[in-house]
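Residue-level structural notes
Listed here are the chains, written in short residue letters.
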Amino acid sequence: MKRTALLHAELSQVIASLGHGDMLVLGDAGLPIPDGPRRIDLAVARGVPRLADVLEAVLSEMQVEGIVIAGEALGDDKRLPGWYPQSLGIAPQTVSHEEFKRRTATARAMVRTGECTPYANIILVAGVSF
């Protein structure tokens, strides 16, 4: 039985159907969504919901074995952005923003948040719980 609730029923269904290695993209309001991946639009207003809030809800339901972010999301000091889940204990793979956008085309689903911070986008790679 499910113990927690996600922000959206469609997102819950996608997470339940992910297989090992499948990718789920959480993006800011400006990230282009290519044809192919399932589209889930959660944005209701500028900044609502925040990427960090959606990410926290997704991580409560999803086993993650890998993370990809655009290198441009790192500040000049090369520190991880504030929305990155430090507690997850997974070092992200960083790629160029252009490579990040190319990888989104093979994702199972893309989730659009209301986040308006540049490069606030993350690819979560599904793992297994055993």
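Residues numbered from 1 in each chain as written. Predicted model: local features only at pLDDT ≥ 70, side-chain atom pairs only at ≥ 80, totals over all residues. Heavy atoms only, no water.

Our focus in this paragraph is helix H2 (residues 51-59). Those residues of H2 not exposed but buried are Leu 51, Val 54, Leu 55, Ala 57 and Val 58. For H2, the buried positions fall inside an angular range of 165° around the axis, keeping them on one side. Among the structural elements, helix H1 (9-17), strand E1 (23-27), strand E5 (109-112) and strand E6 (122-126) are those in contact with the buried residues of H2. (Buried < 20%, exposed > 50% of the residue type's maximum accessible area, 1.4 Å probe, protein only. Helix = DSSP H or I, 4+ residues; strand = E, 2+ residues; numbered from the N terminus. Arc of directions from axis to C-beta. Contact = heavy atoms within 4.5 Å.)

In this section: empty space enclosed by the protein. Tallying each qualifying case throughout the model produces one cavity of 30 Å³ or more. In this structure, the largest cavity occupies an estimated 40 Å³ of space. Every residue lining the largest cavity is listed: Val 25, Leu 26, Gly 27, Asp 28, Leu 31, Ile 33, Met 110, Val 111 and Arg 112. Its residues assigned to classes, the lining of the largest cavity shows six nonpolar, one polar and two charged. (1 Å grid on protein atoms, 1.4 Å probe; cavity = no way out; pocket = protein on both sides within 12 Å on 5 of 7 lines; lining within 4 Å. Points joined across faces, edges and corners; volume = space filled by probe spheres on them. Nonpolar A, V, L, I, M, F, W, Y, C, P; charged D, E, K, R; others polar.)

The strand order across the open sheet built from six strands is E2-E5-E1-E6-E3-E4, with neighbouring strands paired in mixed fashion. Strand pairing shows two members of the sheet lacking a second neighbour, strand E2 (38-41) and strand E4 (93-95), which therefore form its edges. Averaged over all pairs of adjacent strands, the angle between their axes in this sheet comes to 20°, without regard to strand direction. Bridging between strand E3 (residues 64-70) and E4 involves three bridges; their strand directions are parallel. (Pairing = 2+ DSSP bridges. Axes fitted to C-alpha atoms, helices over the stretch in contact; angles between N-to-C directions.)

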